[in-house]
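Remarks on the overall topology
Spelled out from the first residue to the last, the chains are:
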Amino acid sequence: MLTIETLQQFGADTEDGLKRCMNLEDFYLELVQTALDDTPVTELEKAISAQDLDSAFETAHAFKGVCGNLALTPLYIPVSEITELLRSRTQTDYQPLMTEIKLQMQKLRALAE
Amino acid sequence: MQTENKIHRKVLVVDDEIVNRRLLGFIVSRDYDVLYAENGIQALEEIKSHADTLSLILLDLLMPEMDGYELLDILTHDEELRRIPVIVLTSEKSAEVQALQHGAVDFIPKPYDLPEVILARVQRSIQLAEDNILIHENERDTLTGLYTKGFFFQYARQHDKYYPDIPMDAVTININRFHLVNELHGRAYGDNILQSVAALIQEFAKNTGGLACRCDSDQFDFYLPHVENPAAVIQEFSEKFRKMTNPTKITVRIGIYQNADSGIEIEERFDRANIACSHLRNSYQTAFALYDTQLHEKELYHEKLITEMDKALSEKQFQVYYQPKYDITGNTPVLTSAEALIRWIHPQDGMISPGVFISLFERNGLIQKLDRFVWKEAAAQIRLWKEKYQKTIPVSVNVSRIDIYDPMLKQELDEILENNQLTASELLLEITESAYTENSRQIIETVSRLRESGFRIEMDDFGSGYSSLNMLTALPIDALKLDMQFVRRMTEDSKAFKMVELILDIAKFLNVPVVAEGVETEEQYQLLKKAGCEIIQGYYFSRPVPAEEFEKLIQKEESTC
């Protein structure tokens, strides 16, 4: 189940996230759940493998904003990194970063079960 | 929200990410009604349907369909929608500048700041935008597009702060007889004229770096860097204005306070331009007048004297002085009478010159009060001396032009005589020659009546006015007082002396004596005596002195008798 403690276990800066939600825990957790339900990770992977770096950037950029606002630090770090690479349309192997993102997503999902 | 009125303002949150949208909406909903949109197109629909009531837009930049920049461009180019402030939401530094250039008023970085920071930024942006609208709606006159008065003065003050060393002129422009223009040609035409004047002023303002306002229905104020030659500028202005208002003969009057003193309030500087302008009332030509500091100080001083006169009378600041008149027909001059002269000894200003206050009070009629004061004082003095020395020293008093038109004049004089048990022959009345020329019939009648009851009348300042020779024959007078200008000039100027001789001849013809005033020197005295002048008054014998001092002259006379 998603709680402040499980999020802390995950590595989220819950203090920062909660402040942004005016310290309403339920609201914070609800937003994190929403982010999990509506994850753009698959979409991002598809775009990258199709070499559509434009839409890959848009997706990564939006996701970065969400992770940042919810203070999901372990996700925010690789998503920011990939966003910057995509912003300059860098031709590189995105696989390691994608793996890291997917790994962190799985961790969070497991904690949310 | 700390604004005074309690309207619940509407804020639109535009973000394609539901989490961001909800989070931000939640924060903002503490103080505002929140609307949501997922992209630019949706946002534009929301904005249009709440155009009148939407206070602020929180806008994400990167969105599908229509992004934030595109929406910003649409809003800034829309006459109606551009008033709504937009704060952009962004995680990139570079995007901040770009967004501001596209018309955003502020930005909120992602991840979001603390809710308090966001709310404060939202509130400040709304406040600024509303103030801006208020200013925009009130700073300009709707008819002419010039500044309104309050804003004009505010901007003028601002100008002074930024450029304290630039000499400035305060100019006021009034349309002559504007109410008649409206009546004669209709209000629409009148408005047209106002717009024409405003357009010309605006053009000058642009060229000179000045600023202008319509401060009253037909009055414009103009604050501009000092113009060395206003005549040329006004000439140009008036020609253009004539072309614009042809064929009507509408003109303006312009008051200018040059190099306006920045030490006084801006409003007062324009008061001064107005004072200059008021001297031009009812001119049929475009004309201008410059504010004259000295003239204004004189006006202020006059106003002060007028205000203080009653108080001065009751506090006995006014005193009557006496100057002796001597009969010089015999071997030794004989004290024959005196002239009462008023002096104002002001507690702060000292002796105020009669040359200043008498002509001032003559102009506004207040002289009547002073005259009556002198009549009473002089009559009481005659009475006192009569008792003390058992003889009458007749005293002449001034009767001003305005007194002559007073139907109560004779009655008042009679009362004064009665109160002091005097006869009419003991109080001499001096009437200035110029009074005779104005309404000769009335004055001749009045003077005749006074003479019939025994008063003796001396015509004062004879030779300074314009009595016609014809009128002189009808004059009911008992003495001519030679204007002192002749006496002053006669020793150097043979023509002046000829005039004196001529006046003496006229007096002989009228069979009245001549009193020469302002005699100061032995030379003047001898000349007048030789020419046959009977009575002399002046510093040669004595300056005007207080009653106590005058008594010494009486006593001296007694002892030589």
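The structure under discussion appears in the preceding block.
This section reports on the structure supplied with the text. Numbers given to residues run from 1 along each chain, matching the order in which its sequence is written. As they are written, the chains are lettered A onward and the ligands numbered 1 onward, keeping that order. Only residues with pLDDT of 70 or above have their local features reported here, since the model is predicted, and side-chain atom pairs are shown and tallied only from 80 upward, although totals for entire chains, interfaces and linings are computed over all residues. Side-chain numbers here rest on the full set of heavy atoms in the structure, without hydrogens or water.

So, on to the nonpolar core. We call a set of buried Ala, Val, Leu, Ile, Met, Phe, Trp, Tyr and Cys residues a nonpolar core when their side-chain atoms join them within 4.5 Å. Each residue gets one of three labels from its accessible area relative to the maximum for its type: buried under 20%, exposed over 50%, partly exposed in between, using a 1.4 Å probe on protein chains only. Counting residues in hydrophobic clusters, the biggest one holds 79 residues, and the most contacted among them are Phe318, Tyr322, Leu528 and Phe550 of chain B. Among the elements that line this core, the one with the most residues is helix H13 (residues 367–389) of chain B, at 10 residues. Throughout, a contact is declared for two residues whenever any of their heavy atoms are within 4.5 Å. Those residues in contact with Leu528 of chain B that sit more than four places away from it in its chain are Leu482, Val487, Met490, Val500, Ala516, Val519, Cys533 and Ile536 of chain B. Core analysis: the next-biggest nonpolar cluster, separate from the first, contains 58 residues, Leu7, Cys21 and Tyr94 of chain A together with Ile126 of chain B among them. The secondary structure listing takes helices from DSSP runs of H or I that are at least 4 residues long and strands from runs of E that are at least 2 residues long, numbered from the N terminus.

Residues and elements named next belong to chain B. An order of S2-S1-S3-S4-S5 is seen for the 5 strands of this open sheet, with the pairing classed as parallel. The sheet terminates laterally at strand S2 (33–37) and strand S5 (106–109), the two strands that pair on one side only. Ignoring strand direction, the axes of neighbouring strands in this sheet form an average angle of 25°. Simply put, an axis is a line fit to the C-alpha atoms, just over the touching stretch for a helix, and the angle between two N-to-C directions goes from 0 to 180 degrees. Its contacts with the sheet put helix H5 (residues 115–138) on strand S1 (10–14), strand S3 (54–60), strand S4 (86–90) and S5, and the angle it makes with S5 is roughly 170°. Whether two strands pair depends on DSSP finding at least two bridges between them.

Quick look at the packing of aromatic side chains now. Residue and element names in this part refer to chain B. Pairing of aromatic rings covers Phe, Tyr and the six-membered ring of Trp, with a centre-to-centre limit of 6.5 Å; geometry is then stacked below 30 degrees between planes, edge-to-face above 60, and tilted otherwise. Under the counting rule described, the total for this entry stands at 23 aromatic pairs over all chains. With a centroid separation of 5.4 Å and an interplanar angle of 70°, the aromatic rings of Phe152 and Phe270 are classed as edge-to-face. Within this pair, whereas Phe152 is found in helix H6 (residues 149–162), its partner Phe270 is found in helix H10 (residues 266–278), the two being separated by 118 residues in sequence. Here Phe270 falls in the buried class, since its relative accessible area comes to 1%. Taking the centre distance of 6.2 Å and the plane angle of 20° together, the rings of Phe237 and Phe241 count as stacked. Here Phe237 pairs with Phe241, and both are found in helix H9 (residues 230–245), just 4 residues apart, close to one helical turn.

Residue and element names in this part refer to chain B. Every buried residue of helix H7 (residues 178–185) is accounted for by Phe178, Val181 and Asn182. Each buried residue of H7 sits inside an arc of 95° when the element is viewed along its axis, so together they form one side. Facing away from the buried side of H7, by more than 90 degrees, are the exposed residues His179, Glu183 and Leu184. At its buried positions, H7 is contacted by strand S6 (168–175) and helix H8 (187–208). With its phi angle positive at about 95°, Gly186 sits one or two positions after the end of H7. The arc in question is traced by the directions running from the helix axis to the C-beta atoms.

To continue, consider the pattern of salt bridges. When the charged atoms of two side chains lie near each other, side chains of opposite charge can form a pair. All names here are of chain B. Whenever Lys or Arg places a side-chain nitrogen within 4 Å of a carboxyl oxygen from Asp or Glu, that contact is recorded as a salt bridge. The tally for this structure, following the rule as stated, stands at 41 salt bridges over all chains. With a shortest N-O distance of 3.4 Å, Glu79 and Arg82 are connected by a salt bridge. The partly exposed category is assigned to Arg82, whose relative accessible area is 45%. Glu458 is the partner of Lys325 in a salt bridge, and the nearest nitrogen-oxygen pair spans 3.0 Å. Here Lys325 is found in strand S11 (residues 318–327), whereas its partner Glu458 is found in strand S16 (residues 456–462), with 133 residues between them in sequence. In this structure, Lys325 and Glu458 share a single accessibility class: buried.

We now examine the interface of chain A and chain B. In this assembly, 23 residues from chain A lie in contact with 19 residues from chain B. Taken together, the two surfaces of chain A and chain B that pack against each other cover about 1900 Å², and 67% of this comes from carbon and sulfur. Taken together, the links from chain A to chain B amount to 1 salt bridge. A salt bridge links Glu30 of chain A to Arg22 of chain B, with the nearest nitrogen and oxygen atoms 2.7 Å apart. Each of two parts loses accessible area, computed with a 1.4 Å probe, when they are put together; buried area is these two losses added.

Any functional reading would require information that these geometric values do not contain.
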